[in-house]
Amino acid sequence: ACVEQRFEYPVMGKSDAPGPWASRPADRPRDELPKISVIGGTGRMGVHLCAAWAEAGYTVTMCSRSKGKAQEIVNELLAGKGYQRRVTGLNAGQGDYCVPPCDAKDWRLKAGDNGTAAEADLIVLGTMYEKAWPILEEIAPIIRGKGKKILDMTNPFMARPDGFGAGLPKEGPQAGILIHKSRLDDPTCQW
């Protein structure tokens, strides 16, 4: 469990990468790296991906329905505290938030609401499947024709204890990426 491991991680410098961090890629000017936005950035996968990409040198926006919620997490990460939170309630047992403390002074990490995601080169759909299309549909007029890259981590699945998951679609594609690609209908977009 994360709480018990909270202080077991060493504080990391940029040149060494113990613990969960991969080694930094070969030097590449930050201006050449795509800007990344993570819709669902305050969820378990989103927080971890935002931290990992910021540690790797990318400019990352953690997006949420509420910019304030994302800002609280970003503040903890940028302060070098990491982010640990036990998941309770209906989703308990599905994994906790366990980003270790580390030196984040060089990170380019900021908070935004879901609409902010349209500003990025690479948009990550990190929400539950049922939430992804309404958010993507909202920003679709802004991103269509702009050659955005979209990383779709969503998939329909069976019911979860919290009520999400309506099962697989009866007809048509059953992978989130195929459904969202078809609905967005933007030939300039790379999936």
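Our structure's up above, just so we're on the same page.
We now turn to the structure provided with this report. In this convention, every chain numbers its residues from 1, walking through the sequence in written order. Side-chain atom pairs in this predicted model are given and counted only at pLDDT of 80 or more, local residue features only at pLDDT of at least 70, and totals for whole chains, interfaces and linings cover all residues. Excluding hydrogens and water, the side-chain values take into account all heavy atoms of the structure.

### Focus on helix α2 (residues 44-55)
Put simply, the test is: Under the scheme used here, helices are H or I runs from DSSP no shorter than 4 residues and strands are E runs no shorter than 2 residues, and both carry numbers assigned from the N terminus. The span expected for a helix works out to 1.5 Å for each residue beyond the first. Accessibility here uses a 1.4 Å probe with only protein chains present; expressed as a share of the type maximum, an area under 20% marks a residue as buried, one over 50% as exposed, and anything in between as partly exposed.
Spanning 12 residues, α2 covers 17 Å between terminal C-alpha atoms, matching the ideal 16 Å at 1.5 Å per step. Turning to α2, its buried residues number three or more, namely G46, V47, L49, C50, A51, W53, A54 and E55. Following α2 by one or two positions, G57 has its phi on the positive side, about 105°.

### Focus on the pattern of salt bridges
Selection criterion: Criterion for a salt bridge: a side-chain nitrogen of Lys or Arg within 4 Å of a carboxyl oxygen of Asp or Glu.
Evaluated as defined, the whole model comprises two salt bridges. The partner of D96 in a salt bridge is R86, and the shortest N-O contact between them spans 3.2 Å. Here D96 is found in the loop between β3 (83-85) and β4 (97-99), whereas its partner R86 is found in the loop between β3 and β4, with 10 residues between them in sequence. Relative accessible area serves as the criterion here: at 18%, D96 is assigned to the buried category. For K105, the salt bridge goes to D103, with nearest N and O atoms at 3.4 Å.

### Re a negative patch on the surface
Quick note on the threshold: The patch calculation keeps residues exceeding 30% relative accessible area without a salt bridge and links them within 9 Å when they carry like charges or within 5 Å when they are nonpolar (Val, Leu, Ile, Met, Phe, Trp, Tyr). Each accessible area is a Shrake-Rupley estimate made with a 1.4 Å probe; only the visible protein chains count as cover when residues are assessed. As used throughout, the charge tally considers Lys and Arg to be positive and Asp and Glu to be negative, leaving His and the chain termini uncounted. Working definition for charges: the position is that of NZ of Lys, CZ of Arg, CG of Asp or CD of Glu.
A cluster of acidic residues, D113, E119, E137 and E138, forms a negative patch at the surface. In this fold, D113 is placed in strand β5 (residues 108-113).

### Regarding a nonpolar patch on the surface
Nonpolar side chains collect at one region of the surface, where M45, L151 and M153 lie side by side and expose about 260 Å² of accessible area between them. Residue position: L151 is located in strand β7 (residues 149-152). On the accessibility criterion, L151 (35% relative accessible area) is partly exposed.

### Topic: the environment of V74
Threshold: Should any heavy atoms of two residues lie within 4.5 Å, those residues are counted as being in contact.
Along the chain, the position of V74 falls in helix α3 (residues 67-78). V74 sits in the buried class, given a relative accessible area of 1%. As a C-alpha pair, V74 and L109 span 35 residues in sequence and 6.9 Å in three-dimensional space. Excluding anything up to four places from it in sequence, V74 contacts M62, L109, K110 and A111.

### Some remarks on the nonpolar core
Applied cut-off: By convention a nonpolar core is built from buried Ala, Val, Leu, Ile, Met, Phe, Trp, Tyr and Cys residues, the set being connected through side-chain atoms within 4.5 Å.
Ranked by internal contacts, the top residues of the largest apolar core, which has 27 residues, are W53, M62, L77, W107 and L109. Among the elements of the structure, β1 (36-39), α2, β2 (59-64), α3, β4, β5 and β6 (122-125) are those that each provide at least two residues to this core. Of all the elements, α2 adds the most residues to this core, at six residues. One finds A118, L136, A140 and I150 within the second-largest nonpolar core, a separate group that totals 15 residues.

### Regarding a positive patch on the surface
A cluster of basic residues, K35, K67, R108 and K110, forms a positive patch on the protein surface. With respect to the helices and strands, K110 occurs in strand β5.

### Overview of the pairing of β1
Cut-off, in case you're wondering: With strands facing away from the observer, any crossover in which the path from the first strand over the helix to the second runs clockwise is taken as right-handed. Following DSSP output, two strands are said to pair if at least two bridges run between them.
Neither face of β1 is exposed, since I36 and V38 on one face and S37 and I39 on the opposite face are all buried. With α2 bridging β1 and the parallel β2, this β-α-β connection has right-handed handedness. Two strands pair when backbone bridges link them, and β1 and β6 are joined in this way by four bridges, in the parallel orientation. Residue pairing across strands places I39 opposite L125, the latter belonging to β6.

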